[in-house]
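Fold and contact review
Chain by chain, the residues run as shown.
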Amino acid sequence: MARERKQYDDDDGRTIVDMNVEGMPWYDKSIRKVNKQKAKQELKEKIASGDALTTRETIRYTFYSILAALTVLGIVGGGCILFILFLLLIWR
């Protein structure tokens, strides 16, 4: 059962402002899809030719992976420390 739209007395059905503005999430999704497919194709071509990543990209992605690992290590380590402190409080 679909909802019926509310009818207002002063509504004549005209659009005041077009909300299809560039930058909004719903703006022309077909262009984003085409751009994403084009980027995938370019990456496949780079991989096929043998030069997938530049040196700067390799350094950047290595740095990001190390940062992610340190974040996970910090969360797990902090959880262990809090657990040990909790156990010390219980045993007193």
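Because the structure is a prediction, the values reported are computed rather than measured. (Residues numbered from 1 in each chain as written. Predicted model: local features only at pLDDT ≥ 70, side-chain atom pairs only at ≥ 80, totals over all residues. Heavy atoms only, no water.)

1. Section: the overall build of the protein
Note the following rule: Secondary structure elements follow DSSP: runs of H or I no shorter than four residues count as helices, runs of E no shorter than two count as strands, and numbering proceeds from the N terminus. The atom set for the radius of gyration is the C-alpha atoms, and the globule formula is 2.2 Å times the number of residues raised to the power 0.38. Burial classes: relative accessible area under 20% of the type maximum marks a residue as buried, over 50% as exposed, and values in between as partly exposed (1.4 Å probe, protein chains only). Per-residue and other accessible areas follow the Shrake-Rupley method at a 1.4 Å probe size, with only the shown protein chains counted as cover for residues.
When you go through the protein residue by residue, the secondary structure sums to 2 helices and 0 strands. Compactness check: the protein gives a C-alpha radius of gyration of 27 Å against a globular reference of 12 Å for 92 residues, more than 25% above the reference. In terms of its C-alpha atoms, the protein occupies a principal-axis envelope of roughly 75 × 55 × 25 Å. Counting over 92 residues, the protein shows a buried share of 1%. For the protein, the exposed area adds up to about 9,500 Å²; of that, 62% sits on carbon and sulfur atoms.

2. Focus: the environment of V34
Looking at where V34 falls in the secondary structure, it is placed in helix α1 (residues 29–49). Sequence separation between V34 and G78 is 44 residues; the distance between their C-alpha atoms is 44 Å.

3. Remarks on a nonpolar patch on the surface
Cut-off, in case you're wondering: Residues enter patches when they are more than 30% accessible in relative terms and free of salt bridges; like-charged ones are connected within 9 Å and nonpolar ones (Val, Leu, Ile, Met, Phe, Trp, Tyr) within 5 Å. Salt bridges are identified by distance alone: a Lys or Arg side-chain nitrogen within 4 Å of an Asp or Glu carboxyl oxygen.
A surface patch of nonpolar side chains, about 1,000 Å² in accessible area, is lined by I81, L82, F83, I84, L85, F86, L88, I90 and W91. Here L82 is to be found in helix α2 (residues 55–91). Exposure remark for L82: the relative accessible area of 59% places this residue in the exposed category.

4. Thoughts on a positive patch on the surface
Counted only if it meets this: Charge counting treats Lys and Arg as positive and Asp and Glu as negative, with His and both chain ends excluded. Taken as the charge centre is NZ of Lys, CZ of Arg, CG of Asp or CD of Glu, depending on the residue.
The grouping of R32, K36, K40 and K44 at the surface amounts to a positive patch. Assignment of secondary structure puts R32 in helix α1. With a relative accessible area of 45%, R32 lands in the partly exposed category.

5. Examining the packing of aromatic side chains
Put simply, the rule reads: Classification of ring pairs rests on two measures: the distance between centres of Phe, Tyr or Trp rings, Trp counted by its six-membered ring, which must be within 6.5 Å, and the angle between planes, read as stacked under 30 degrees, edge-to-face over 60 and tilted in between. A positively charged side chain is recorded as over a ring if its NZ (Lys) or CZ (Arg) lies within 6 Å of the ring centre. The angle to the ring normal must also be within 35 degrees.
Under the definition given, this model contains 2 aromatic pairs. Ring geometry for F63 and Y64: centres 6.3 Å apart, planes at 45°, overall tilted. Take Y64: its relative accessible area is 46%, and that puts it in the partly exposed class. Within the aromatic cluster, the residues linked to one another by ring pairs are Y61, F63 and Y64. Positioned over the ring face of Y61 is R60, at 5.4 Å from the centre of the ring.

6. Section: the environment of Y27
The condition that has to hold: Should any heavy atoms of two residues lie within 4.5 Å, those residues are counted as being in contact.
Counting through the fold element by element, Y27 comes out in the segment before α1. Residues Y27 and I16, spaced 11 residues apart in sequence, show a C-alpha to C-alpha distance of 18 Å. For Y27, the contacting residues outside a window of four places in its chain are N20, V21, E22 and R32.

Function cannot be inferred from these measures alone, as they are strictly geometric.
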